[in-house]
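The primary structure of each chain is shown beneath.
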Amino acid sequence: MKKGIIQQSLSGFYDVLSDNELYRTRGRGNFRQKKIKPMVGDQVEFDGQNRHEGYLLKVLPRKNALTRPPIANVDVAIVVTAVREPIFSTNLLDRQLVALEAQKIKAIIYFTKTDLLNQAEYDAINVIVKGYQEAGYAVIMSHDPFEKQSLVALRKLISNQIGVVMGQTGAGKSTLLNHLVPSLALPTGVISQALQRGKHTTRKVSLLNIDNSLIADTPGFSSYETFDMTNEQLPLYFPEMAEIGKNCRFRGCLHLKEPNCAVKEAVANGTIMESRYNNYSQFHDLIVAQKPNYKK
Ligand SMILES: Nc1nc2c(ncn2[C@@H]2O[C@H](COP(=O)(O)OP(=O)(O)OP(=O)(O)O)[C@@H](O)[C@H]2O)c(=O)[nH]1
Ligand SMILES: [Zn+2]
């Protein structure tokens, strides 16, 4: 019996990385009965020899799991966010950040396509960048999106961890990974001018060796609808609101209609970004309307 990590999953096969070797395995028959669905990032026990098909014997307990992209046991996520092509939306960014907070995954926001902006547009995005930094997020943005300094900063933030690159299709996830490690030579797509979005060039989740880290490239999405949480949990997943919300008059304040709400005050005086608050309130209503209501 060996131990390893699922590096990729393809039509019923799981490639397991163990001591720098890859082993091709299949799930044991009883996985299906037990409703065990192995995921990339799973720590597993398996039987196998090189160049022979082996068997996954056991999936070890997960510390976390994302549904979109599907991956388990992630320490850090690089949220690749294009400032245009596809159009930038704080709403989509906040949806991803909430999903990451819920799974206790550290987020790094990496802006791409800044080379397509004029100075005034760049300055406008920079205000948003400052807002996210003040909310506690690591943000990487520069005029030249893949300049050395940005890549060095990113390397430091992901060093020695298991990570995932996520974001809209066409945002530049594979392009970023190719800049980090040119020998990867991952295929990259084109942006459809008509749809102003990418064409799903990356089709599977797979972990790649990047320096001393394992980072997954993942297929992009065009919308992000995952809210696996209750409306009471949601405010905890906006870290700046969770912090300031300690001063609200009511415990469990949802920062909506309650009086003496410290969060609403902070929005009014500009300490909390208005866009974050508006997104929060929209997500809150979406979760309440979600049927059946998600219960932990
Ligand atoms: N000008 C400019 N083009 C970029 C930048 N980043 C990516 N691109 C281009 O945008 C297109 C899409 O990039 P990809 O790296 O394939 O995007 P992706 O996020 O991996 O897309 P999916 O695999 O579909 O999820 C390619 O033509 C890239 O060359 C950038 O910072 N500036
Ligand atoms: Zn409040």
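Bear in mind the structure is a predicted one, so any value in this text is a computation, not a measurement.

### Here we look at the coordination of the zinc ion (ligand 2)
Argument step 1. At the metal site, the zinc ion (ligand 2) is ligated by Cys248 (SG), Cys253 (SG), His255 (ND1) and Cys261 (SG), and these contacts range over 2.2 to 2.4 Å.
Argument step 2. Around the zinc ion (ligand 2), the four donor atoms sit at angles spanning 102 to 117 degrees, and that spread fits a shape best called tetrahedral.

### With respect to the environment of Pro235
Argument step 1. Structurally, the position occupied by Pro235 is in the loop between β13 (213-217) and α6 (239-244).
Argument step 2. Overall, Pro235 belongs to the buried group, its relative accessible area being 6%.
Argument step 3. Put simply, Pro235 and Lys63 are 172 residues apart on the chain and 22 Å apart in space, counted from C-alpha to C-alpha.
Argument step 4. Pro235 has contacts with Met241, Ala242, Leu254, His255 and Tyr280, leaving out every residue within four places of it along the chain.

### Side note on the site of ligand 1
Argument step 1. The immediate surroundings of ligand 1 are formed by 22 residues, with Lys113, Thr169, Lys173, Thr175 and Gly189 found nearest.
Argument step 2. Here an oxygen atom of ligand 1 sits 2.9 Å away from a polar atom, N or O, in the main chain of Gly172.
Argument step 3. Expressed as a share of its isolated accessible area of 660 Å², the protein-covered part of ligand 1 is 85%.
Argument step 4. Broken down by element, the residue count for the shell around ligand 1 peaks at three residues, all from helix α5 (residues 173-180).
Argument step 5. Of the residues assigned to the shell around ligand 1, the class counts are six nonpolar, 13 polar and three charged.

### With respect to the pattern of salt bridges
Argument step 1. Counted according to the given criterion, the structure contains nine salt bridges.
Argument step 2. Where Asp75 meets Lys63, a salt bridge forms, and the shortest distance between an N and an O atom there is 2.4 Å. Here the residue Asp75 occupies a position in the loop between β7 (71-72) and β8 (76-82), and Lys63 occupies one in the loop between β5 (54-59) and β6 (65-66), the gap between them amounting to 12 residues.
Argument step 3. Residue class for Asp75 comes out partly exposed when judged on its relative accessible area of 24%.
Argument step 4. Given the relative accessible area of 56%, Lys63 is considered exposed.
Argument step 5. Across the pair Arg84 and Glu121 runs a salt bridge whose closest N-O atoms are separated by 2.9 Å. Of this pair, Arg84 sits in the loop between β8 and α2 (90-102) while Glu121 sits in helix α3 (residues 119-134); the two residues are 37 residues apart in sequence, bridging distant segments of the chain.
Argument step 6. Residue Arg84 is classed as partly exposed on the basis of its relative accessible area of 29%.
Argument step 7. Given a relative accessible area of 29%, Glu121 falls into the partly exposed group.
Argument step 8. What emerges from the salt-bridge pattern is a single network uniting Asp94, Glu240 and Arg276.

### A closer look at helix α8 (residues 274-289)
Argument step 1. Compared with the 22 Å implied by 1.5 Å per residue over 16 residues, the 23 Å span of α8 between its first and last C-alpha is a close match.
Argument step 2. Of the positions making up α8, those classed as buried are Arg276, Tyr277, Asn279, Tyr280, Phe283, His284 and Ile287. Down the axis of α8, the buried side of the element spans an arc of 160 degrees, and every buried residue falls inside it. Residues of α8 that are exposed and point over 90 degrees away from its buried face: Glu274 and Ala289.
Argument step 3. Where α8 is buried, its residues meet α2, α3, α6 and α7 (262-268).

### Quick look at the domain arrangement of the chain
Argument step 1. Structurally, the chain comprises domain 1 (2-60), domain 2 (71-217) and domain 3 (231-289).
Argument step 2. Look at where the C-alpha atoms of domain 1 and domain 2 centre, and you get two points 29 Å apart.
Argument step 3. Listed as interface residues are 11 residues of domain 1 and, on the opposing side, nine residues of domain 2.
Argument step 4. Taking both partners together, domain 1 and domain 2 bury about 870 Å²; carbon and sulfur atoms supply 63% of that area.
Argument step 5. Put simply, domain 1 and domain 2 have zero salt bridges between them.
Argument step 6. Scanning the region where domain 1 abuts domain 2 turns up three residue pairs in polar contact (both at pLDDT 80 or more).
Argument step 7. If one sorts the elements of the side of domain 1 that touches domain 2 by residue count, strand β1 (residues 2-10) sits on top with five residues.

Reading the values: rules and limits
- Residues numbered from 1 in each chain as written.
- Chains lettered and ligands numbered in written order.
- Predicted model: local features only at pLDDT ≥ 70, side-chain atom pairs only at ≥ 80, totals over all residues.
- Heavy atoms only, no water.
- Donors = N, O, S within 2.8 Å, 3.2 Å for Na, K, Ca; no water.
- Tetrahedral: all angles 85-135°; square planar, octahedral: opposite > 155°, others 65-115°.
- Helix = DSSP H or I, 4+ residues; strand = E, 2+ residues; numbered from the N terminus.
- Buried < 20%, exposed > 50% of the residue type's maximum accessible area, 1.4 Å probe, protein only.
- Contact = heavy atoms within 4.5 Å.
- Near = heavy atom within 4 Å.
- Polar contact = N/O pair within 3.5 Å; in protein donor to acceptor, adjacent residues only side chain to side chain.
- Areas by Shrake-Rupley, 256 points an atom, 1.4 Å probe, with all protein chains shown as cover.
- Nonpolar A, V, L, I, M, F, W, Y, C, P; charged D, E, K, R; others polar.
- Salt bridge = Lys/Arg side-chain N within 4 Å of Asp/Glu carboxyl O.
- Expected span 1.5 Å × (residues − 1).
- Arc of directions from axis to C-beta.
- Domains from an automatic or database assignment.
- Buried area = accessible area lost by both parts, 1.4 Å probe.

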